Amino acid sequence: MTAGPRLVVVGDPAGRRVAFFQDALRAAGLPGARAVAWLDVLCGRARFAAGETVRVDSPGEVPAVDRLLRGTDDPARVEGGRLWYERFTAALAGLAAGAARAGAVLVDDPAETAVLFDKRLSHGRLAAAGVPVPASPTSGPAGAPVRGWDDLVALMAAAGLRRVFVKPAHGSSASGVLALETAGGGRVQAVTSVERDGAGRLFNSLRVRRYTGAREVGALVDALAPDGLHVERWLPKAVQGGRAADLRVVVTGGRATHAVVRTSRSPLTNLHLGGARGDLAAARAAIAAAGSRWEEALAVCERAAAAFPGTRCVGVDLLPGAGWRRFAVGEVNAFGDLLPGLTGLPGSGAEGLDTYGAQVADLLDRPPDRAGATVAGTSGTATATTATVTTGTGRT
């Protein structure tokens, strides 16, 4: 087998993300990575050893892990994002500390992961780096807070915004996102996957629905606000085949390596909400016909990734404007590489490789810097003891 780093992957050992990564290692002629469960990290049982390289993957898709992070037994619930974020970032810091004490090194910077999982902070960093992003009154650490519907109405009026996306600050996969429109005469409507039960609790649904009126929409915003909200201008999107279209572009090692067009009849293009993969060749042709260049679109994504230099692979949500003439970045995703069956773009250096194969190739080409990875006075193995959380409202 090919010589390479001694790899550890933190994730769900039985999940598809870890399986895809292990498959990529085997395809590269490398031994499989040692898998560490997120549940062990959260319970203080994770161990690392000197010389190991630790890749951290998503903690999602494991009910027991979600229960520890979110504090609810129902994975469909929307609420709990703030608590999830506090516990996740604490666990990540504990994991990093345990790895450092042992002389192991993380592939990605945990401080950047924390920024990527706060849409307000991530948007602010992109804007500061000169990356085109939708206008936002909540952007950055000094952004305006949204404590409820009244705050949102005031912010939209002050910024002259009639159409916005309202996003839970720490959400993912469009959980809790509202595509909100206002018009004269106090008319309000929101498109979202959120379902509200008779007790006012919010649940994720696979069906996109429409809410109308300030009372109904305002109740949703009021219920979402305690977890933190990010608000940004709703930019008119390009259209492909009569459907709204955007792109997920994976940037690995600083280069745009994979891209997929996502199309939908609703403003939410996420594939699990009824979105469908579009025609990438047709998108490239539309960009050229509009007088722009595909390479310029990819360069925007690479600039977005460069705002997070300590994170080797990100998924960039690229928003092509109406007519495919201009581009903005909607989000940068820390775990945006789950695109099964998608192979690398021509000229990217990842031709024939899926997103995980491209990451393995990058690890082989640029092993993580071990300088400073070992804490003075420690050796051998260490446990991420500071990552332990409780199932209550606090953490330890």
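Our subject is the structure listed above.
How each quantity is defined
- Residues numbered from 1 in each chain as written.
- Predicted model: local features only at pLDDT ≥ 70, side-chain atom pairs only at ≥ 80, totals over all residues.
- Heavy atoms only, no water.
- Helix = DSSP H or I, 4+ residues; strand = E, 2+ residues; numbered from the N terminus.
- Rg over C-alpha atoms; globule rule 2.2 N^0.38 Å.
- Contact = heavy atoms within 4.5 Å.
- Areas by Shrake-Rupley, 256 points an atom, 1.4 Å probe, with all protein chains shown as cover.
- Lys, Arg positive; Asp, Glu negative; His and termini not counted.
- Charge placed at Lys NZ, Arg CZ, Asp CG, Glu CD.
- Polar contact = N/O pair within 3.5 Å; in protein donor to acceptor, adjacent residues only side chain to side chain.
- Core = buried A, V, L, I, M, F, W, Y, C linked by side-chain atoms within 4.5 Å.
- Buried < 20%, exposed > 50% of the residue type's maximum accessible area, 1.4 Å probe, protein only.
- Phe/Tyr/Trp six-rings, centres within 6.5 Å; stacked < 30°, edge-to-face > 60°.
- Salt bridge = Lys/Arg side-chain N within 4 Å of Asp/Glu carboxyl O.
- Pairing = 2+ DSSP bridges.
- Axes fitted to C-alpha atoms, helices over the stretch in contact; angles between N-to-C directions.
- Parallel < 35°, antiparallel > 145°, perpendicular 65-115°, else oblique.
- Nonpolar A, V, L, I, M, F, W, Y, C, P; charged D, E, K, R; others polar.

What about the overall build of the protein chain?
Consideration 1: Tallying secondary structure elements over the protein chain gives 11 helices and 17 strands in all.
Consideration 2: Since a compact globule built from 396 residues should have a radius of gyration of about 21 Å, the 21 Å found for the protein chain is in line with a globular shape.
Consideration 3: Taken along the three principal axes of its C-alpha coordinates, the protein chain extends 70 × 50 × 35 Å.
Consideration 4: If you take every contact in the protein chain between residues at least 6 apart in sequence, the share linking residues at least 24 apart comes to 66%.
Consideration 5: For the protein chain, the exposed surface amounts to about 16,400 Å²; the carbon and sulfur share of it is 53%.
Consideration 6: For the protein chain, the separation between the mean place of its 45 positive charges and that of its 37 negative charges on side chains is 3 Å.

Digging into the side chain of D118
Consideration 1: Inspection of the secondary structure puts D118 in the loop between helix 5 (110-116) and helix 6 (119-128).
Consideration 2: A polar contact of 3.0 Å, which involves the side chain of D118, links it to the backbone nitrogen of R120.
Consideration 3: Among residues more than four places away in sequence, those in contact with D118 are Y85, A169 and H170.

A few points about the nonpolar core
Grouped burial of nonpolar side chains is what soluble globular proteins tend to show.
Consideration 1: Membership of the largest hydrophobic core comes to 60 residues, with the highest contact counts inside it found for V10, W38, F48, V54, V329 and V332.
Consideration 2: In terms of residues, this core owes the most to one element, helix 4 (residues 81-102), which gives 9 residues.
Consideration 3: In this structure V329 touches L126, V131, P132, V133, P134, V300, A304, V316, D317, L318 and L319, once residues within four positions along its chain are discounted.
Consideration 4: Among the nonpolar cores identified, the runner-up in size contains 23 residues, and M156, V188, A190 and L224 belong to it.

A closer look at helix 9 (residues 280-289)
The α-helix advances 3.6 residues per turn, and as a result positions three or four apart in sequence lie on the same side.
Consideration 1: In this structure D279 caps helix 9, since a side-chain oxygen of it lies 3.0 Å from the backbone nitrogen of A281.
Consideration 2: Backbone geometry just after helix 9 places G291 at a positive phi near 90°.

A closer look at the packing of aromatic side chains
Consideration 1: Tallying each qualifying case throughout the model produces 7 aromatic pairs.
Consideration 2: Between W84 and F117, the ring centres sit 5.4 Å apart and the planes meet at 45°, which makes this aromatic pair tilted. Linking W84 in helix 4 with F117 in the loop between helix 5 and helix 6, this pair joins segments that are 33 residues apart in sequence. No difference in accessibility class separates W84 from F117, as the two residues are buried.
Consideration 3: Summarising the aromatic geometry, the rings of F88 and F117 are spaced 5.2 Å apart at their centres and angled 65° between planes, so their arrangement reads as edge-to-face. Here F88 is found in helix 4, whereas its partner F117 is found in the loop between helix 5 and helix 6, with 29 residues between them in sequence. There is no split in this pair, since F88 and F117 are both buried.
Consideration 4: Each residue in the set W38, W84, F88, F117 and F335 is aromatic and connected to the rest through ring pairs, giving one cluster.

With respect to the pattern of salt bridges
Consideration 1: Applying the stated criterion across every chain yields a total of 27 salt bridges.
Consideration 2: R16 is paired through a salt bridge with E61; the nearest N and O atoms lie 3.0 Å apart. On the criterion of sequence distance, the pair formed by R16 in helix 1 (residues 16-27) and E61 in the loop between strand 4 (52-56) and helix 3 (63-70) is long-range, its members being 45 residues apart.
Consideration 3: With a relative accessible area of 43%, R16 lands in the partly exposed category.

Digging into the sheet that holds strand 10 (residues 229-233)
Paired through backbone hydrogen bonds, the strands of a sheet run either parallel or antiparallel to each other.
Consideration 1: The strand order across the open sheet built from 5 strands is 9-8-7-6-10, with neighbouring strands paired in antiparallel fashion. Looking at the sheet topology across the chains shown, the edges are occupied by strand 9 (202-212) and strand 10. Between one strand and the next, the sheet's axes are offset by a mean angle of 20°, whatever the strand orientation.
Consideration 2: By the bridge criterion, 7 bridges tie strand 8 (residues 187-196) to strand 9 in an arrangement that is antiparallel. Its bridge partner lying in strand 9, T192 is registered against R209.
Consideration 3: Docked against the sheet, helix 7 (residues 149-159) engages strand 6 (163-168), strand 7 (178-183), strand 8 and strand 10, running at close to 60° with respect to strand 7.

A look at the packing of helix 3 against helix 4
Consideration 1: Across the interface, helix 3 lies against helix 4 with an axial gap of 7 Å and an inter-helix angle of 100°. In terms of their interaxial angle, helix 3 and helix 4 are classed as roughly perpendicular. Contact residues: helix 3 offers D66, R67, L68, L69 and R70, while helix 4 offers G81, L83, W84, R87 and F88.
Consideration 2: A class-by-class count of the residues in the contact of helix 3 with helix 4 yields 5 nonpolar, 1 polar and 4 charged.

Section: the side chain of Q359
Consideration 1: Turning to its location among the elements, Q359 is positioned in helix 11 (residues 355-365).
Consideration 2: Overall, the relative accessible area of 10% leaves Q359 in the buried class.
Consideration 3: Separated by 3.1 Å, the side chain of Q359 and the backbone oxygen of T355 make a polar contact.

With respect to the sheet that holds strand 2 (residues 34-37)
Consideration 1: If you trace the 4 strands from one edge of the open sheet to the other, you get 2-1-4-5, paired in parallel fashion. Every other strand in the sheet has two partners, leaving strand 2 and strand 5 (105-106) as the edge strands with one partner each.
Consideration 2: Note: strand 1 (residues 6-11) against strand 2, 4 bridges, orientation parallel. Across the sheet, G11 pairs through a bridge with A37, a residue of strand 2.
Consideration 3: The strands touched by helix 1 within the sheet are strand 1 and strand 4, with strand 1 carrying the most contacts at an inclination of about 165°.

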